[in-house]
Structures are given as C-alpha cells and as structure tokens.
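Residues per chain are reported as follows:
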Amino acid sequence: MPTYARLPVTFKKGEGAWLWDTHDQRYLDALSGIGVCGLGHAHPAVAATLAQQGSTLIHTSNLYHIPQQQQLADQLMRLSGMEQAFFTNSGAESCEAAIKIARLYGHNKDITTPTVVVTEGSFHGRTLATLSASGSRKVQAGFEPLVQGFVRAKFNDIDELREIAKNSGDTVAILVEPIQGEGGINVPDDHYLTAVRELCDEYGWLMMLDEVQTGICRTGKWFAWQHSDIRPDVVTLAKGLGNGFPIGACLVSGPATNVLQAGNHGSTFGGNPLACSVALTVLQTMEKEQLAARAEQLGERLRTNLTQAFAEETGVAAIRGKGLMIGVELDRPCGVLLKDALEAGLLISIQADNVIRLLPPLIISDEEADEIVARLKTIVTTFLKKEAPL
Ligand SMILES: *Cc1c(COP(=O)(O)O)cnc(C)c1O
C-alpha cells in the first residue's frame, strides 16, 4: 500500500554509521532508522547473537517459560529500577499496554470511565488507541471515531495539569514523552517531570512515560527520566532496544505492578527467545562501551558545533535536545531538505515542518559527528539562501 512517501534511494548494506546504496554511493546515517540502530549497522555482536540464537531456538510462545525473556527483564529492572516487564514487538504495542494498564488500574479503583491525560504534539503510535492518544491531527484524520478516554493538556504546562486534576475525578494516569520526538524535539523545563511526579502522587495517577524514542541511552542516560530524581510507574520502550530487530517493552513499578493478571493481555511474538537475546546483547554492549555517557558527550559536541556553525544564520531559530536526540529548528518549512541532505550523502528527518531531527548512532566517532555538522551546514546554508521565509 502506498503508505510511505519514500525517498528515491535503496540501501544494500551498512556498517557503523554508514550506509551504501545500490549505486555504491555512501551515506552518513544521522537518523539510525529513526532512533533504532544505536549500535550502528551490522554490529558484529548483534549479528553473532542473531546467528547463534537463530540456529538454536527462535520461538516457542508465552505458553512456556522463556529464560532469555527473564534475563532481559532482570537486566531492564536493574538498569531502570522498575519492577515488572511485558514484552511487545513495537512502540505502539508498548503504549497500548500502558493504556490498558491505566484503564484496569482505574476500574480496580471503581472508576468506570477512566481517563488518561495526554499532551499536545505527542506521538504514541498508529494503532487506534495510540493514535487517539497522540496529539497530532495528521495521524488521526480519517480514522474517527477516536478511542475515548483521553484528555489533552499542553506539553510542559504544569498549571494546566493542575486544573485537570482539580476538575476530573476520572483521571487515572498521564502519558507523556520526556522529550517529544516526532513533535519536533521539544525539551520541557528541567523541573517538569518532577512536577508531574508530584502531581501524580498527590492525585493517585499513574505516571506513564513514553520512552520509545528517548530510552536505551539515546539522551545520555539509560532512560530520559534519569536526568531527574524520580521514578515513573509505567515506561514504554521499543526503538533502540533491539537495534533493528523488532522488540518493545512496557515496564511497571509501584502501583502499576500486578495490575495486569493472567488472561488480561498477551502477544504471540512478544518476548520470544530471538528478540530477547538480541536485546540482551544490545544492553550488554551499550553498558560495556559506556554508550550513555558517550551519547551525552557526543551530544554536547554536536550542539556546540552546530551552534557555532549557524551563529551567523538568522534562519536557524533554535538548536536543542539532550544527548544524541537533537533538533535544529528553522524559521520556515524545510521539507525539501530531506532530499538535499540525501544528495549530500546525509540521512536526517524533518519534524513539525521546520525542525531538522538528528538521531545518529551512539557509536559514531568525533570525526563522524563533525562530518554531520559540516554536511548539515552546507545544506542548510544553501537552502536558506534560496528559500524565502514565510
Ligand atoms: C516511534 C514512536 C512510537 C511508535 O513506535 P512504533 O514502533 O512505530 O509503533 C511511540 N512513541 C514514541 C515516542 C515514538 O517515538
């Protein structure tokens, strides 16, 4: 189905931060398959695990015990301080699980129409519940009737959350991204998550963080909430967890533990031995190579160099982000930059019409980071010269 407006390129192989197309042109990947391949392409440890586990046991089903799933859960608990995990195959499924937990948590408290607070500009996936939760008309249009039970607040606005809390006894949870990814790399104020945590404690809401894009070292910590001194009740993961092998997870702690019971939820593929082995290798490799700290350091370097590169460029409105989740906002729509960048051998994405999004692999060298800035500078400077602002 023509669901994707694809760029005119076909890749045949990759290595580290580089991809080669069918004409042997080389591209620097500053997007990592949309924040997925944190270890870069064709990582030898990931490839070895795929081959080894693939020739031993791929799938049995959740009717039976799966030691790799238990080990992966144990590792995720150790790294996150959360208490239980449910494994899925995608980000949307992880968020579906979170929404189901919130509803059941509400029903267990005799709230018959439980409501989840979500934010403007958010993205949680393309299933009916997650597109209804998303704060983007583009993903909802044409798919009405939307799933009910969501109330929307401005992102990074604690006062509005307080108003909702005072006026709605049916609210049971808030679902929010620590940094909005698809919405344009929107970084909230430093105290935002802490204030959300306090509000959740005060009103008995579940604090549910969508870390599908921010999780697994992307922002310079294992999980983005670890930049603040809090722990959420529910966390959703996917993108970076399998380095391209599909796997997601929904983690719970505190009041969200044991909400889902036998028979409440399930997945045929979720948590299979192959997916979990690959994810275990991803976590192990990231920990061994200290890629969270490395992402933080590379992010500083990229943002400093981008700021310097565009110091004289009035068309660049803002440079923001955390770790290797970076947005460069222009003062005008810049969708055409996707193709300009491709022609210059650089892979990026454009969010919210005018924000260049960079999600490079966490394994890039300093030189590769500098090369991203150099290529971006040429493309953006040329673009701003020829395209008039609105
Ligand atoms: C990508 C993304 C999703 C959806 O993940 P899929 O694997 O495409 O279903 C959900 N939430 C956030 C924050 C995302 O970035």
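First, a word on what this report is: a plain description of the structure on this page. All values reported here derive from a predicted model rather than from experimental measurement. (Residues numbered from 1 in each chain as written. Predicted model: local features only at pLDDT ≥ 70, side-chain atom pairs only at ≥ 80, totals over all residues. Heavy atoms only, no water.)

### So, the site of the ligand
Part 1: The environment of the ligand is made up of Ser90, Gly91, Ala92, Phe123, His124, Gly125, Glu177, Asp210, Val212, Gln213 and Lys239.
Part 2: In the model, a nitrogen atom of the ligand is placed 3.2 Å from a nitrogen or oxygen of the Phe123 main chain.
Part 3: The separation between an oxygen atom of the ligand and a polar side-chain atom of Gln213 is 2.7 Å.
Part 4: A total of 380 Å² of accessible area belongs to the ligand in isolation, and the protein chains cover 80% of it.
Part 5: Of the residues contributing to the shell around the ligand, the split by class is 3 nonpolar, 5 polar and 3 charged. (Near = heavy atom within 4 Å. Polar contact = N/O pair within 3.5 Å; in protein donor to acceptor, adjacent residues only side chain to side chain. Areas by Shrake-Rupley, 256 points an atom, 1.4 Å probe, with all protein chains shown as cover. Nonpolar A, V, L, I, M, F, W, Y, C, P; charged D, E, K, R; others polar.)

### Regarding the state of the cysteines
Part 1: Applying the stated criterion across every chain, the model contains 0 disulfides.
Part 2: Between Cys95, a free cysteine, and Cys250, which holds the nearest cysteine sulfur, the sulfur-to-sulfur gap is 8.2 Å. (Disulfide = S-S within 2.5 Å.)

### Brief notes about the side chain of Thr219
Part 1: As for its placement among the helices and strands, Thr219 is situated in the loop between strand S8 (206-210) and strand S9 (234-237).
Part 2: Judged by relative accessible area, Thr219 falls into the buried class, the value being 1%.
Part 3: At 3.0 Å, the side chain of Thr219 and the side chain of His227 are in polar contact.
Part 4: Excluding residues that lie within four positions of it along the chain, Thr219 makes contacts with Ile179, Thr214, Ala224, His227, Lys322, Gly323, Leu324 and Met325. (Helix = DSSP H or I, 4+ residues; strand = E, 2+ residues; numbered from the N terminus. Buried < 20%, exposed > 50% of the residue type's maximum accessible area, 1.4 Å probe, protein only. Contact = heavy atoms within 4.5 Å.)

### Quick look at the layout of surface pockets
Part 1: In this model, the second largest pocket occupies a volume close to 810 Å³.
Part 2: If you go around the second largest pocket, you meet 28 residues; those closest to its centre are Asn62, Gln69, Ala85, Phe86 and Phe87.
Part 3: Residues belonging to the lining of the second largest pocket are distributed by class as follows: 15 nonpolar, 13 polar and no charged. (1 Å grid on protein atoms, 1.4 Å probe; cavity = no way out; pocket = protein on both sides within 12 Å on 5 of 7 lines; lining within 4 Å. Points joined across faces, edges and corners; volume = space filled by probe spheres on them.)

### With respect to empty space enclosed by the protein
Part 1: Within the structure shown, the criterion is met by 1 cavity of 30 Å³ or more.
Part 2: Approximately 40 Å³ is the volume attributed to the largest cavity.
Part 3: In terms of lining residues, the largest cavity is bounded by Gly35, Val36, Gly38, Val212, Gln213, Gly215, Ile216, Arg218, Gly240, Met286 and Leu362.
Part 4: For the lining of the largest cavity, the class distribution of residues is 5 nonpolar, 5 polar and 1 charged.

### A few points about helix H10 (residues 291-309)
Part 1: The end-to-end C-alpha distance of H10, which contains 19 residues, comes to 26 Å, matching closely the 27 Å that a straight helix rising 1.5 Å per residue would cover.
Part 2: Those residues of H10 not exposed but buried are Leu291, Ala292, Ala295, Leu298, Gly299, Leu302, Arg303, Leu306 and Ala309. Looking straight down H10, one finds its buried side chains confined to an arc of 135 degrees; they lie on one side.
Part 3: Tucked into the core, H10 has its buried residues touching helix H9 (273-288), strand S11 (316-322), strand S12 (325-330), strand S15 (355-358) and helix H12 (366-386). (Expected span 1.5 Å × (residues − 1). Arc of directions from axis to C-beta.)

### As for the pairing of S9
Part 1: Across the two faces of S9 the burial is the same, with Val234 and Thr236 and Val235 and Leu237 all buried.
Part 2: As paired strands, S9 and strand S10 (residues 248-252) are joined by 4 bridges and run antiparallel to one another. Paired with Leu237 across the bridge in S10 is Ala249. (Pairing = 2+ DSSP bridges.)

### Quick word on the nonpolar core
Part 1: Membership of the largest hydrophobic core comes to 83 residues, with the highest contact counts inside it found for Leu76, Leu330 and Ile356.
Part 2: When sequence neighbours within four positions are dropped, the list of residues in contact with Leu330 reads Gly315, Val316, Ala317, Leu337, Asn354, Ile356, Val380, Phe383 and Leu384.
Part 3: In terms of nonpolar packing, the next biggest core, distinct from the first, is built from 22 residues, Ile101, Ala129, Leu206 and Ala256 among them. (Core = buried A, V, L, I, M, F, W, Y, C linked by side-chain atoms within 4.5 Å.)

### Quick word on the sheet that holds S15
Part 1: Read across the sheet, 4 strands follow the order S11-S12-S15-S14 without closing on themselves; strand pairing throughout is antiparallel. The strands lining the two open edges of the sheet, one partner per strand, are S11 and strand S14 (349-351). If you compare each strand with its neighbour and ignore which way they point, the axes differ by 25 degrees on average.
Part 2: Judged from the 6 bridges that link them, S11 and S12 form a sheet pairing that is antiparallel. From the neighbouring strand, Gly321 faces S12, where its bridge partner is Ile326. (Axes fitted to C-alpha atoms, helices over the stretch in contact; angles between N-to-C directions.)

### Overview of helix H3 (residues 67-80)
Part 1: Counted at 1.5 Å a residue, the expected span for H3 with its 14 residues is 20 Å, and the 20 Å between its end C-alpha atoms agrees.
Part 2: Those residues of H3 that fall on the buried side of the exposure criterion are Gln68, Leu72, Ala73, Leu76, Met77, Leu79 and Ser80.
Part 3: Taken together, the buried residues of H3 touch helix H2 (44-54), strand S4 (84-88), S9, S10 and H9.
Part 4: Two residues or fewer past H3, Gly81 is found with a positive phi of approximately 75 degrees.

### A closer look at the sheet that holds strand S13 (residues 346-347)
Part 1: Read across the open sheet, the 4 strands follow the order S1-S2-S3-S13; overall the sheet is mixed. Edge strands, defined here as strands with exactly one partner in the open sheet, are strand S1 (11-15) and S13.
Part 2: Bridge analysis of strand S3 (residues 26-29) against S13 gives 2 bridges, and the strand direction is parallel. When the sheet's bridge partners are listed, Leu28 is paired in S13 with Leu346.

### Description of the packing of aromatic side chains
Part 1: All told, the structure shown has 4 aromatic pairs when counted by the stated rule.
Part 2: Seen from their ring centres, Phe155 and Tyr192 are 5.6 Å apart, and the 70 degrees between their planes marks the pair as edge-to-face. A residue pair is termed long-range when its members are at least 10 positions apart, and Phe155 in the loop between strand S6 (150-153) and helix H7 (158-167) and Tyr192 in helix H8 (residues 192-203) qualify at 37 residues. The burial state of Phe155 is the same as that of Tyr192; both residues are buried.
Part 3: With a centroid separation of 5.0 Å and 15 degrees between ring planes, the pair formed by Phe223 and Trp225 is classed as stacked. Each of the two residues, Phe223 as well as Trp225, counts as buried.
Part 4: We note Lys13 situated over the ring of Trp20; from NZ or CZ to the ring centre the distance is 4.8 Å.
Part 5: Between the NZ or CZ atom of Arg26 and the centre of the ring of Trp18, over which it lies, the distance is 3.7 Å. (Phe/Tyr/Trp six-rings, centres within 6.5 Å; stacked < 30°, edge-to-face > 60°. Lys NZ or Arg CZ within 6 Å of the ring centre and 35° of its normal.)

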